[in-house]
Amino acid sequence: IAALISYLGLATVFVSDFPLGGANVTLGTALCLGSAVAFAVYQLMAKRYIGEMGATLFTSVALSAAAVTTLAHVLIVRGHIDTSMTPHYFALAAGIGLLSTVLPSFFVNAGMARIGAASTAMISNVSPLLTIYFAVVLLGEEFTLSHAIGTALVVGGVGYHTWRELKAPSRA
């Protein structure tokens, strides 16, 4: 029920913004949905390996594999890796990679090792709140009534899930 409530919130925003999305909104939506499904499968499958390997080693292996496959993709598509960027650019890219990929990956996997994949996925639904906040404050994006309703549904779904988890008998 909690997931349904949260996804109703996401659908509310999507449906209201669909006409504003331009020619590639369907492709973009399909790619985002595919990404969400792939990440959900990853979370469900990762729990077992995190338990066996530990969150730190698992995350290190996963990120290393992602880096190798990304470099392989660039080599296949472009035929070479362009290293002509300035040291300042590389420092910015490294900082962004560390703060937006590496640290969150370690945090999510450490959390998943402690609370499980389903709870991690539900709690991760709160991240749209930060995205909305930064989009409005930093980028000047519009925040409409449908955005408020969708946000309330997402937060309500996460809150409901948390309440049910707290109410459930201990599994110890």
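Just so we're clear, the structure is a prediction, and the values are computed from it rather than from any experiment. (Residues numbered from 1 in each chain as written. Predicted model: local features only at pLDDT ≥ 70, side-chain atom pairs only at ≥ 80, totals over all residues. Heavy atoms only, no water.)

Where helix α3 (residues 55-78) contacts helix α4 (residues 87-115), the axes come no closer than 9 Å and their chain directions differ by 140°. As summarised for this structure, α3 and α4 are arranged oblique, according to the angle between their axes. Taken as a pair, α3 and α4 cross one another with a handedness that is right-handed. Residue-level inspection shows A55, T56, F58, T59, S60 and L63 of α3 in contact with α4, the latter providing T101, V102, S105, F106, N109, A110 and A113. Taken together, the residues of the contact of α3 with α4 break down into seven nonpolar, six polar and no charged. (Axes fitted to C-alpha atoms, helices over the stretch in contact; angles between N-to-C directions. Helix = DSSP H or I, 4+ residues; strand = E, 2+ residues; numbered from the N terminus. Parallel < 35°, antiparallel > 145°, perpendicular 65-115°, else oblique. Left-handed = near helix turned anticlockwise from the far one by under 90°. Contact = heavy atoms within 4.5 Å. Nonpolar A, V, L, I, M, F, W, Y, C, P; charged D, E, K, R; others polar.)

Moving on: the packing of aromatic side chains. Enumeration over the complete set of coordinates arrives at three aromatic pairs. Aromatic pair Y89 and F90: ring centres 5.9 Å apart, planes at 70°, arrangement edge-to-face. Under the relative-accessibility criterion, F90 is labelled partly exposed at 39%. (Phe/Tyr/Trp six-rings, centres within 6.5 Å; stacked < 30°, edge-to-face > 60°. Buried < 20%, exposed > 50% of the residue type's maximum accessible area, 1.4 Å probe, protein only.)

On to the packing of helix α2 (residues 25-53) against α4. Two elements in contact, α2 and α4, have axes whose closest approach is 10 Å; the angle formed by their N-to-C orientations is 70°. Relative to α4, the element α2 is oriented roughly perpendicular. Between α2 and α4, the residues in contact are Y42, Q43, A46, K47 and I50 and V108, N109, M112 and A113, respectively.

What follows is about the pattern of salt bridges. Here the structure, examined in full by the defined rule, presents one salt bridge. Between R48 and E52 there is a salt bridge, and its shortest N-O distance comes to 3.3 Å. A residue pair is termed a helical-turn pair when its members lie 3 or 4 positions apart in one helix, as R48 and E52 do in helix α2 at four residues. The same class applies to R48 and to E52, which are both exposed. (Salt bridge = Lys/Arg side-chain N within 4 Å of Asp/Glu carboxyl O.)

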